[in-house]
Structures are given as structure tokens and as C-alpha cells.
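# What the coordinates show
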Amino acid sequence: MKRVRFILSIAVLLAATSCTAQTETDKRVDELLSKMTLQEKIGQMNQLSGGAELKNEAAAGNVGSILNCTDVKAINIVQKAAVEESRLGIPILVARDVIHGFHTIFPIPLGQAATFDPAIVEKGARISAVEATASGVRWTFSPMLDVARDPRWGRVAEGSGEDPYLDVQMGVAMVKGYQGDDLSDPTSMAACIKHFVGYGAAEGGRDYNSTMISERSLRNTYFPAFKATAEAGAATLMTSFNEIDGVPSTGNKWLLKDVLRGEWGWDGMIVTDWNSAGEMIAHGFSRDLKHTAEQAVNAGVDMDMMSYGFIQYIEELVKEGKISEKEIDRAVRNILKLKFELGLFENPYVDETASARVDYAPEHLEAAKQCAVESAILLQNKKNVLPLDKAKTILVTGPLADAPYEQMGTWVFDGQKEHTVTPLTALREEYNVIWEPGLKYSRDENTKDFAKVRKAAAKADAVVVFVGEESILSGEAHSLSNLDLQGAQSELIAEMSKTGKPVVVVVMAGRPLTIERDLANCDAMLYSFHPGTMGGPALADLIKGKAVPSGKLPMTFLRDAGQAPFYYNHNNTGRPNNGTETLLKDIPVEAGQTSLGCTSFYLDTGYGPLFPFGYGLSYTTFEYGAPVLEKAELSENDVIRVSFDLKNKGKYEATEVAQLYVQDCVGSVVRPVKELKRFERITLAPGETKTVTFELPVAELAFWNFDMEYVVEPGDFRLWVAGDSASGEPVSFVVK
Ligand code: NOJ
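Residues numbered from 1 in each chain as written. Predicted model: local features only at pLDDT ≥ 70, side-chain atom pairs only at ≥ 80, totals over all residues. Heavy atoms only, no water.

### Structural notes on the packing of aromatic side chains
Under the counting rule described, the total for this entry stands at 26 aromatic pairs. Relative to F644, the ring of Y624 lies with its centre 5.8 Å away and its plane at 20 degrees, an arrangement referred to as stacked. Of this pair, Y624 sits in strand β18 (residues 622-624) while F644 sits in strand β21 (residues 639-648), and the two are 20 residues apart along the sequence. Counting every residue linked through ring pairs, the aromatic cluster contains F116, Y165, Y568, F613, Y661 and F679. Between the NZ or CZ atom of R671 and the centre of the ring of F703, over which it lies, the distance is 3.7 Å. (Phe/Tyr/Trp six-rings, centres within 6.5 Å; stacked < 30°, edge-to-face > 60°. Helix = DSSP H or I, 4+ residues; strand = E, 2+ residues; numbered from the N terminus. Lys NZ or Arg CZ within 6 Å of the ring centre and 35° of its normal.)

Below, the structure written as C-alpha cells:
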């Protein structure tokens, strides 16, 4: 078989050549490095959590970076100790988990991914950087690039969901937003791409769990977002907690040295996750803390977050010849380079009055609102109940309607709930609101107030029920085995369905929940991943019809958690779905032994998910014309051009996320049934038709094949353009 090869070595060579040209920064790094003692070098490799109490460590040169301090006075105290009292005056680098906003909180990253709008995501990251740097934070542990296909894993909230291509687009947008055009700009914040790698594939969705990922899957699915963001200039990278095929990432030389540094030529700084070096003891990979330091540094790690192993043992390990000074110089060079690039030597201190000028600025709140509007997904709208543009009096109920803290979502340390605008507050601007919470919080099982809610519903034109998850139920270490709405929330929705009033359900959650029975009990459902500070006004605009939903699902929605992991871009089985699934109710008693349709499905939930990846309705409907390929026969250097007409058939101006999927029909290894390759948000006036053209270089059809080469294999392909991953009719093309 003729194969179109992509010569990796050229990229590596180019990267290597550019590294050999010594920059001004390199010269400054070398000069400083030459003056440092071994102990001072080791101090730079140590990151500690804390604030002013670390000033003596800073003065002694025992710490290179601190995390978890945003008290600007404390930051300046530690910085002063480092700059004015330590022998070489090397500034401290201040880090923080700024995951989806600093003070102004944007939708959780999974919600941002639902916008399919890299521009608003980049803007959100820029605003996060402006606010965080004003409080002295110059390094964020974001974006999280872990492809996640199991909604039981609590950290699905922090990433872009199940698709590698969407992950690339969102990750690159965040890196650009955080870092700006120039790292030395005082409003620039170094990004940290994490968690390298495979952390999202935790078995059973249990956080920190082992993963089994083949090298080919790593390369085809889990690496792309890391590679793309590394190429986009991400300044730092974090190793993950998990092990892959028996090797914890923090001690994985193949990952860090061979792939990241070698193949990709990336020259940023590598930090461990919190004590992920120390945890190699519990993994049974290291004998003791000293051994963890030896393994991590030799694998290529530059900085240790909170295991204390580096600071305690590296000197001894160097003396014993177990770590070479060359490895230490490599690590310290990467750390110092970043500090020079950030301009910390010139501008170490933070202006203690700056944050008051930028926090919650009107334009920040406006962007957060726009992002929240774009991130909400309309899952159901029977009889076009939404928007509620005619209703005058509405009943607002449910535990998430007025929960300013919960609607910000996971990983919020600095956002203040006093600044959050809840749906209840925002809806009061639009309607006569009758407010009866029904339940106090999402896990509340006490239904004693339901009678009051029922009574109130009688006086309203429509009922809007806000349900979901408290913020603490998703995020790190918050996996769940049952994904139904918690507490008596489903009962509350069921009660409302009996009132005869139009019932709109808004779900505010950190992950895809299993909401099939709730859909049956309402007319319309808007799914809003925790929408952040401005979630209330965004949802009120959508409910009233001042804005039209345009979000699309970044993860497959399941009927039952037992279907997980489930993702649209899976490989095919030898017995794919052929529409002959036999469900429990169809099986006679004492049925004879039979294979029941002989395809891959569940007897209880069938074959398909509840909603496919990419799904989302609008207040209008869009009609896709048949895709027309410019050429149906292409060669390796060609660009696939496919055009189609998109028509807005309704009465609202609205935005559709058009999606392009491709299938490589036959490969040297089994290929996914479909892969997202392009998407675009297209806004159309009522009745308007636009001809849309997607361009896709044939080179982007490459994958890691049987021989573990990155190639486009000639042959037959199918292509879809559609509003989700399960729609559309394919057209075929051939790569010669
Ligand atoms: C552990 C988490 O896994 C990581 O994402 C985070 O950045 C660090 N803790 C620091 O808080």
C-alpha cells in the first residue's frame, strides 16, 4: 500500500536548529546559572503552597515558585525576600489554579467547549489573565486537555469533553488568551497544559485510577491537544497523577524526554502535579521519597509541586551520581528562562491597587455573559414552549435558581458569590416572579415544601425549574457512579409536570447527567454546565427570547451511567448496530439461547445514547443542503473543499454550529466511525440561506497507523456536514 509519509524528523530538526541559536534570554540564563550553587539550583526546582510565611524560605533560596496565595501584600513580602534578601535575587513565580476565571467566573471549561467558539474562549482566558495578574498571579494551571469519555469522572467539568479536535481548538484558544502576544507583558500569565497524559481515561471514571491506553491511542487521541498547544507556545506542562501501562507519568521518561522534548521539540518547563512525585511510592513504582526525586528528575521533570522530595534529596542524589548535574542544569535553565520571559527580573512586584481597577469590570461581566449564553444547550422544546416571550407571571423553583456559589462551578477559589447574578435575580427583571425553591440544595430529599410549589404553580403562566449539581459534586476527586439528578429534584420536576402549566427545566451541572426521565416530565430543557458569575442574566435572556440557544454537546449524553464510557468517535465492532437490537421487554420468558440480534448493544438501554455529541437545538430550525465536494478524487497535497447550503427556516436570527465529520473507511488499523474535523458558528437571519465552505487539507487525515507512522493512507473516505455527530448523509471521496 502506497503511504503518504509525514517526515517527523524534519520538524524535529527545525526545532533543534532553532534551539541552537542562543537568544538574549539564553545568555542571561547561562550567566545566572553559572553563578548558582547546587543548593540554589535545587531551591528553584521546589514549589511550595503558601504565602508570607514562606519568606524565610524565599530569602534562603529554597523555593522557586509558590502556589495558592493571592493576597497581594503577602506576595510582595515573599517576593521582596527573594529579590532583596536571597544571594542572587531570583524572583519567585506565583502560581494559581485559574481554571475558568479569576474573579469574574466564566462557565466551567466543559461549558466553554459547548460554545464551539474559540474566540469567546480566548477572550475569557485573556480576561482571566488580566484579573489574575493584577493580583500577582503570573502562572495558571490551565488548560486541562484531558480527553474525557466517562461522565462519572468528576473532572470532565474541567476539560473540553470527549473529542480530540475540539480539545485542540479550545486548548489553543486558552493558551493564547492567557499568554497574550508577549509573556513579558505584565498582564500575561504562563499557561500550563495538563495533565500529561491520559488522566481522563481513569478506569471506571474513578479519579486517580489506572489507565490502559495503547501507544497508538495516546498518539491518535490523547496527545493531539498537548502537541498543538505545545506548538502554540504553551510555557509549561504538568505531569498527571495516573500511570499508563504501569508507569506513572511523573516518572515516565518516554513521555517527557522522548516524545515531548524529542519528537515535539518543546522547550517549556515541566512541573509535577501536587505530590505526584511522592505518590509514586503508593503506586509501588518508587521505594521512598528519595527514589521518587531520582526517577522524576531523570524522567525529565523540572519542578516539584509539594512532594518535598527534590529539596530534601537531590543534593545527595547528585553526590551519589544518581542524578547528573546536567539534568539539574536542564531543569533550572527551563525555570529561569520562564522567569526571564515573564519579565519577573524587571518587574517582580505587584501593584497593590491594581486588582481593584480590573476585577469584575463591566466588559469582563459582558464577556462572561456572552460565553454563558453561547454555552447553554437546548435539548428539548416541545411545542416551542421556549422562549417564554408571552408569559407574564412565572413560577421559579428548584435548588439552583438562587444559588450564587453553586452556579460558579468547580475550581473557584477567588470568584465571590456576592458578585454572582442568579437566574432568580435576572428573571425578576423580565417577569412577575413567584419564587418557591421547593428544595434547599441539590441533594435535598425533603419534599415537604412541594405542596407550596404546586399551589404557586396554579397562579403562574409557566413554571421554570432550576436543578442540577452543587459545585462540589464535580471536579477533582468527585466521581459519581450514579448520574441521575440528586435528592428529590426529579420528583420536583415530576410534580410540576402534573400542574398542566408549561414546564421549562434548566439544568446547571458540572457534567452530563442522566436526565431521560426528567425530559419526559417537562416541555423544554436547557442544559447549562455551571455557567459562572453571569449565568443568571444569560439564562434569563435565553428564556425570554432575547438570545437564542446555540450551544452543542461537547460530550455524548447517556441514558444510564452504565453505558459509560461512551463516545461518538469509537472504532467499529465486527457487529455494529444494524437496528435489530432486542430490548428486555421483547424477550419471552424461557427464551431459548440466542444471540438477540448479534450486535453490540445493551438489553436495557439499547445501542444509542440519549443525545449524541454535537447535539443542540435552537428556537429556529436549520436545513442542511447536500454537501458538494469540489473534487471526489484527491492526492496528498490537495485540500478538500466541501460546500453546502445552510438555511434558517424559522423566525429568529440564530447561530448554528455546522460540523464536518470524516470517516476513513478502511485502514491498516481500525479507524473511528467518524471524526470531527472542522466546525463553524454561522449566524443567519430568519429565512436566510448561506453557502458554507469548509476547507480541510488531506494532510489532516493522517493518523498513527499499524507501523506507528503518522500517515494518510490512500483509499475511500466518507464525509458528513451536519448539526451533530449522528445526522447527515455522507458523501464519498478517494485519496489516491
Ligand atoms: C491537583 C490537580 O490535579 C491539578 O490540576 C492542580 O493544578 C493542582 N492540584 C494544584 O492545585
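### Side note on the side chain of D414
One can find D414 in the loop between β13 (393-397) and α18 (423-428). Separated by 3.3 Å, the side chains of D414 and T70 make a polar contact. Those residues in contact with D414 that sit more than four places away from it in its chain are T70, R96, F102, H103 and Y360. (Polar contact = N/O pair within 3.5 Å; in protein donor to acceptor, adjacent residues only side chain to side chain. Contact = heavy atoms within 4.5 Å.)

### A few points about the site of the ligand
Inspection of the region around the ligand gives 13 residues, with D97, R155, K194, H195 and D273 positioned closest. Within the contact set of the ligand, an oxygen atom lies 2.5 Å away from a side-chain nitrogen or oxygen of D97. Computed on the free molecule, the ligand has an accessible area of 300 Å², of which 95% lies beneath the protein chains in the complex. (Near = heavy atom within 4 Å. Areas by Shrake-Rupley, 256 points an atom, 1.4 Å probe, with all protein chains shown as cover.)

### With respect to the sheet that holds strand β7 (residues 236-239)
Taken in spatial order, the 3 strands of this open sheet run β6-β7-β10, and their pairing is parallel. Looking at the sheet topology across the chains shown, the edges are occupied by β6 (192-196) and β10 (269-271). Each strand axis lies, on average, 25 degrees off the axis of its neighbour in the sheet, ignoring direction. Where β7 and β10 come together, 3 bridges link them in parallel fashion. (Pairing = 2+ DSSP bridges. Axes fitted to C-alpha atoms, helices over the stretch in contact; angles between N-to-C directions.)

### Focus: the packing of helix α7 (residues 118-134) against helix α17 (residues 362-375)
Running from N to C, α7 and α17 point in directions that differ by 145 degrees, and their axes come no closer than 10 Å. Relative to α17, the crossing made by α7 is left-handed. Contact residues: α7 offers I120, K123, I127, V130 and E131, while α17 offers E363, H364, A367, Q370, C371 and E374. Taken together, the residues of the contact of α7 with α17 break down into 5 nonpolar, 2 polar and 4 charged. (Left-handed = near helix turned anticlockwise from the far one by under 90°. Nonpolar A, V, L, I, M, F, W, Y, C, P; charged D, E, K, R; others polar.)

### Considerations on the sheet that holds strand β4 (residues 93-96)
The strand order across the open sheet built from 5 strands is β5-β4-β3-β2-β11, with neighbouring strands paired in parallel fashion. Looking at which strands have only one partner, the edges of the open sheet turn out to be β5 (139-140) and β11 (304-305). Both strand β2 (residues 46-49) and β11 contribute to a ladder of 2 bridges, which runs parallel. Opposite N46, over in β11, you have D304 as the bridge partner.

### Some details on the nonpolar core
Core analysis: the biggest nonpolar cluster contains 117 residues, and W139 and F196 have the highest contact counts within it. Broken down by element, this core gets its largest block of residues, 9 residues, from helix α8 (residues 164-179). In terms of domain composition, this core takes at least three residues from each of domain 1 (40-354) and domain 4 (622-735). Core analysis: the next-biggest nonpolar cluster, separate from the first, contains 60 residues, F622, L646, A654 and L701 among them. (Core = buried A, V, L, I, M, F, W, Y, C linked by side-chain atoms within 4.5 Å. Buried < 20%, exposed > 50% of the residue type's maximum accessible area, 1.4 Å probe, protein only. Domains from an automatic or database assignment.)

### Thoughts on the pattern of salt bridges
Scanning all chains against the criterion turns up 49 salt bridges. Residues K73 and E352 are paired through a salt bridge, measuring 3.8 Å at the closest nitrogen-oxygen approach. Separated by 279 residues along the polypeptide, K73 in helix α5 (residues 72-85) and E352 in the loop between α15 (325-341) and α16 (354-358) bring together distant segments of the chain. By relative accessible area, which is 54% here, K73 ends up exposed. A salt bridge links R678 to E700, with the shortest nitrogen-to-oxygen separation between them at 2.9 Å. (Salt bridge = Lys/Arg side-chain N within 4 Å of Asp/Glu carboxyl O.)

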